[in-house]
Amino acid sequence: MVKPPAPRNMAKRVFSGVQPSGSLTIGNYLGALRNFAKLQYEADCLFCVVDLHALTVPQDPKELHQRTLDVARIFVASGIDPNRATIFVQSHVPAHSELSWLLECTTYDGELRRMTQYKDKASRQEVVTSGLLTYPVLMAADILLYQSDEVPVGDDQKQHLELARDIAVRVNNRFDEEIFKVPKPYIPPRAAGGRIMNLQDPYEKMSKSTENPRGNIGILDSPDEIRKKIRSAVTDSGREIYYDEENKAAVSNLMVIYSLCSGQSLDEIQSNYADSGYGDFKKDLAEVVVETLTPIQKRFAELSEPGVIEAILAEGRKKAEPLALPTLNRFRDRLGLLTHS
Ligand code: ATP
Ligand code: LTN
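Residues numbered from 1 in each chain as written. Chains lettered and ligands numbered in written order. Predicted model: local features only at pLDDT ≥ 70, side-chain atom pairs only at ≥ 80, totals over all residues. Heavy atoms only, no water.

Visitor: Can you explain the site of ligand 1? Please cite residues and give values.
Guide: The environment of ligand 1 is formed by 21 residues, the closest being Asp156, Lys205, Ser207, Lys208 and Ser209. Here Ile196 contributes a backbone N or O atom positioned 2.7 Å from a nitrogen atom of ligand 1. Within the side chain of Ser207, a nitrogen or oxygen atom sits 2.5 Å from an oxygen atom of ligand 1. Among the elements that take part in the shell around ligand 1, helix α1 (residues 26-39) stands out by supplying 4 residues, more than any other. For the shell around ligand 1, a count of residues per class yields 5 nonpolar, 11 polar and 5 charged. (Near = heavy atom within 4 Å. Polar contact = N/O pair within 3.5 Å; in protein donor to acceptor, adjacent residues only side chain to side chain. Helix = DSSP H or I, 4+ residues; strand = E, 2+ residues; numbered from the N terminus. Nonpolar A, V, L, I, M, F, W, Y, C, P; charged D, E, K, R; others polar.)

Below is the structure:
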């Protein structure tokens with residue numbers, strides 16, 4: 001007899017993850033974290049510090065430990081309420097690794113080798129671990145384990161999400177049953193923060209593990225660092241300020257940051273700076289960024305008291321694990337693995 005689907009809460013389920021692989025940037029904030037905070041009011045949300053993903057490239061153990069706590073603190077500091085959303089650490093729920101293995105056995109080697117993030121990261125590593133290749137399967141496990149409806153991410157994760165959807169559909173077809181919900185991406189357009197670029201190279205995505213950190217604005221950067229980085233941001237030829245991703249890549253990126261931090265539209269910004277040069281624009285941009293990040297930094301500092309974030313993560317694990325196990329166990333059962341007590 002076909003078992004009924006695992007019981008599900010009727011509320012929309014949202015899942016997303018952030019790696020503790022470096023200092024979080026304003027790209028992470030505008031592309032992802034800001035939306036996490038919004039979504040917690042309309043969905044049942046799980047936000048995860050994906051420490052196992054960070055291990056796919058070399059990490060210093062002490063730094064990884066500290067960054068894992070810091071990413072969780074930044075979640076809370078950027079407005080995620082631990083009483084509303086579940087905040088937890090990936091490796092605290094071993095079901096993620098177990099499901100990842102089971103899904104690896106239904107994923108093709110060729111699917112993983114054509115992932116652009118894999119090709120890009122592999123070309124920059126001296127040794128390429130198999131974890132770097134199977135990384136998107138672990139991500140699919142994170143998402144599918146919770147029967148997630150929506151996944152808020154930046155646009156660099158689009159291909160990984162498509163793979164998660166393909167894996168879900170394949171498994172469901174194989175067993176002729178909805179084992180996994182097929183998740184939808186929630187990706188802002190570029191003009192709304194889906195892809196914030198490096199301030200020193202507007203063709204490179206702003207990223208924690210960049211070789212060009214001068215072009216990153218860190219969420220925890222001091223006001224003076226922010227002002228300095230924005231002052232020295234590269235600009236395009238011509239002195240006009242208008243939005244044109246192709247011909248004005250650097251200025252367009254700065255305008256998106258300005259718009260999202262100030263709440264002004266791109267058109268308003270263009271008309272406000274019609275008669276000014278890059279100097280005035282950059283000066284004001286630095287101030288709106290400082291104003292956006294200062295309250296987050298204050299809350300971050302308040303969360304540094306020992307034990308506070310650890311308690312939030314312990315609570316998060318307690319809420320997440322029981323949500324994950326029914327899906328894992330059902331899939332184990334369908335695969336023919338013996339049940340254990
Ligand atoms: P790494 O450089 O270590 O791969 P990353 O900075 O790309 O890290 P992740 O932890 O992989 O950050 O991403 C966390 C979230 O932030 C994801 O949803 C990702 O899509 C989003 N994100 C990362 N960088 C940007 C960016 N420059 N613009 C918009 N969103 C981004
Ligand atoms: N690969 C993602 C991080 C990540 C993730 C997830 C995002 C791991 N698991 C599940 C959304 C859902 C990245 O941003 N590099």
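Visitor: Which residues make up the packing of helix α9 (residues 223-231) against helix α12 (residues 278-302), and what values do they have?
Guide: The geometry of α9 relative to α12 is characterised by a closest axis approach of 9 Å and an angle of 145° between their N-to-C directions. Taken as a pair, α9 and α12 cross one another with a handedness that is right-handed. Facing α9, whose interface residues are Pro223, Ile226, Arg227, Ile230 and Arg231, α12 presents Lys282, Leu285, Ala286, Glu287, Val289, Val290 and Leu293. Here the contact of α9 with α12 is composed, by residue class, of 8 nonpolar, no polar and 4 charged. (Axes fitted to C-alpha atoms, helices over the stretch in contact; angles between N-to-C directions. Left-handed = near helix turned anticlockwise from the far one by under 90°. Contact = heavy atoms within 4.5 Å.)

Visitor: Lay out helix α6 (residues 116-124) in plain terms, naming residues and giving numbers.
Guide: For α6, the complete set of buried residues consists of Gln117, Tyr118, Lys121 and Ala122. Buried residues of α6 fall within an arc of 120° about the axis and therefore sit on the same side. Looking at α6, the residues exposed on the side facing more than 90 degrees away from the buried face are Thr116 and Ser123. At its buried positions, α6 is contacted by α5 (109-113), α7 (130-144) and α8 (158-175). (Buried < 20%, exposed > 50% of the residue type's maximum accessible area, 1.4 Å probe, protein only. Arc of directions from axis to C-beta.)

Visitor: How would you sum up the site of ligand 2? Please name residues and give values.
Guide: Neighbouring residues of ligand 2: 13 residues in total, closest Gln19, Tyr135, Met139, Asp142 and Gln157. The contact in question runs from a nitrogen atom of ligand 2 to an N or O atom on the side chain of Gln19, over 3.3 Å. Interatomic distance of 3.0 Å between a side-chain N/O atom of Gln157 and a nitrogen atom of ligand 2. Elements that contribute at least two residues to the shell around ligand 2 include exactly β1 (13-18) and α7. For the shell around ligand 2, the element with the highest residue contribution is α7, accounting for 4 residues. In the shell around ligand 2, the residues fall into 7 nonpolar, 5 polar and 1 charged.

Visitor: Tell me about the side chain of Asn198, and name the residues and values.
Guide: Among the secondary structure elements, Asn198 is positioned in strand β6 (residues 197-198). With a relative accessible area of 1%, Asn198 lands in the buried category. The residues contacting Asn198, other than those within four sequence positions of it, are Glu204, Lys205, Met206, Thr210, Asn212, Gly215, Asn216 and Asn253.

Visitor: Could you give an account of the environment of Phe47, naming the residues involved and the relevant values?
Guide: In this structure, Phe47 sits in strand β2 (residues 44-49). Owing to a relative accessible area of 0%, Phe47 belongs among the buried residues under this scheme. Between the C-alpha atom of Phe47 and that of Thr86, which follows or precedes it by 39 residues, the distance is 6.1 Å. If we skip the residues at most four places from it in the chain, Phe47 touches Val14, Ser16, Phe36, Phe75, Ile80, Ala85, Thr86, Ile87 and Phe88.

Visitor: Before we move on, can you summarise the pairing of β1 with the specific residues and values?
Guide: Burial analysis of β1 places 5 of its 6 residues in the buried class, which makes it a mostly covered element. Bridge count for β1 against β2 is 6 bridges, and the pairing is parallel. What sits directly across from Gly17, in β2, is Cys48. In this view, the connection linking β1 to its parallel neighbour β2 by way of α1 has right-handed handedness. (Pairing = 2+ DSSP bridges. Right-handed = clockwise from strand over helix to strand, strands pointing away.)

Visitor: Lay out the environment of Gln157 with the relevant residues and their values.
Guide: Summarising the element assignment, Gln157 is placed in the loop between β4 (150-152) and α8. Between the C-alpha atoms of Gln157 and Ala11, which are 146 residues apart in sequence, the distance is 24 Å. When near neighbours in sequence (up to four residues on either side) are disregarded, Gln157 contacts Gln117 and Met139. Within polar-contact distance, the side chain of Gln157 engages the side chain of His160 at 2.9 Å.

Visitor: Describe unusual backbone geometry, listing the residues and the values that go with them.
Guide: Most peptide bonds adopt trans geometry, and most residues besides glycine take a negative phi value. Despite not being glycine, Gln147 has its phi angle at roughly 50°, a positive value. Among the residues examined, Gln147 registers a relative accessible area of 6% and is labelled buried. The phi torsion at Asp176 lies on the positive side, around 55°, for a residue other than glycine. On the secondary structure map, Asp176 appears in the loop between α8 and β5 (184-186).

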